Amino acid sequence: MARTVITFGTFDVFHVGHLRIIERAASYGDRLVVGVSADALNKVKKDREPVFSERERMAIVGALEAVDEVFLEESLELKRHYIEQFGADVLVMGDDWAGRFDEMKDLCEVVYLPRTPAISTTALIEKIANG
Ligand code: C2G
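Criteria and thresholds
Residues numbered from 1 in each chain as written. Predicted model: local features only at pLDDT ≥ 70, side-chain atom pairs only at ≥ 80, totals over all residues. Heavy atoms only, no water. Near = heavy atom within 4 Å. Polar contact = N/O pair within 3.5 Å; in protein donor to acceptor, adjacent residues only side chain to side chain. Helix = DSSP H or I, 4+ residues; strand = E, 2+ residues; numbered from the N terminus. Nonpolar A, V, L, I, M, F, W, Y, C, P; charged D, E, K, R; others polar. Buried < 20%, exposed > 50% of the residue type's maximum accessible area, 1.4 Å probe, protein only. Contact = heavy atoms within 4.5 Å. Core = buried A, V, L, I, M, F, W, Y, C linked by side-chain atoms within 4.5 Å. Phe/Tyr/Trp six-rings, centres within 6.5 Å; stacked < 30°, edge-to-face > 60°.

**Student:** Whenever I open this one, the site of the ligand confuses me. Can you help?
**Tutor:** The ligand sits among 22 residues. The nearest are K46, E73, K79, D96 and I119. Here an oxygen atom of the ligand sits 2.5 Å away from a polar atom, N or O, in the side chain of K79. Here W97 contributes a side-chain N or O atom positioned 2.9 Å from an oxygen atom of the ligand. At 4 residues, the largest contribution of residues to the shell around the ligand is made by helix α1 (residues 16–26). Here the residues of the shell around the ligand sort into 7 nonpolar, 8 polar and 7 charged.

Below you can see the structure in the form of structure tokens.
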């Protein structure tokens, strides 16, 4: 049976940390589905508008070789629903979310992977703004 992996993120100002987690997530199964956070969800989560719109972020993530399918993640509370909808066998998240999705362990395997050090969207935005 093919194993489906699911992961979630905003993936704003796409960088190598994003690429690495997507590639590592893909290695946990045969098919990778990625939930890209909606602009409205991002506003609630991070209190700022993403640099790139949800359509642009979905286009970038969807173009990656490791990604089989993208969809819009509209709410953090819908994780269980998305896991069921896509028939995910594994949920992969970066370890900034460690422990936060353990309640899904009755539905699928839950894996937290270490973040790529020293790179983040916030740091990139600051670096670009400050020259
Ligand atoms: N990430 C990483 N290394 C970095 C930066 C990010 O491995 N240096 C990972 C994060 O851990 C996350 C993914 O890349 O798993 C996407 O990061 P964000 O865009 O910051 O995602 P976030 O806004 O945390 O959204 O439902 C959960 C949310 O949608 C996750």
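Now that the structure has been shown, we can carry on.
**Student:** I tried to follow α1 on my own but got confused; where do I start?
**Tutor:** Because the α-helix completes a turn every 3.6 residues, residues three or four places apart line up on one side. Taken together, the buried positions of α1 are G17, H18, I21, I22, A25 and A26. For α1, the secondary structure elements touched by its buried residues are β1 (4–9), β2 (31–37), α3 (54–62), β4 (90–94), β5 (109–113) and α5 (121–130).

**Student:** Sorry if this is basic, but what is going on with the nonpolar core here?
**Tutor:** The tendency in soluble globular proteins is for nonpolar side chains to be buried as a group. If you look at the biggest cluster of nonpolar residues, it comprises 16 residues, and the most contacted ones within it are F11, I22, L32, V34, V61, V67 and V92. Those elements that place two or more of their residues in this core are α1, β2, β4 and β5. Not counting residues within four places of it along the chain, the set of residues in contact with V34 comprises T7, F11, V61, V67, E69, V70 and F71. Membership of the second largest hydrophobic core comes to 15 residues, among which are V33, I83, A88 and M104.

**Student:** Is there a simple way to think about the packing of aromatic side chains in this case?
**Tutor:** For any pair of aromatic rings, the description consists of the separation of the ring centres together with the inter-plane angle of the planes. What the rule picks out here adds up to 6 aromatic pairs. Ring centres of F71 and Y82 lie 4.8 Å apart, and the angle between their planes is 50°; on these two criteria the pair is classed as tilted. Separated by 11 residues along the polypeptide, F71 in strand β3 (residues 69–73) and Y82 in helix α4 (residues 79–85) bring together distant segments of the chain. The pair F71 / Y82 is uniform in exposure class, with both members buried. Taken together, a centroid distance of 5.4 Å and an interplanar angle of 25° make the contact between W97 and F101 stacked.

**Student:** How should the side chain of H15 be read in this particular structure?
**Tutor:** With respect to the helices, strands and loops of the structure, H15 is situated in the loop between β1 and α1. With relative accessibility at 10%, the residue H15 sits in the buried group. Here H15 is in contact with I119, S120, T121 and L124, once residues within four sequence places are set aside.

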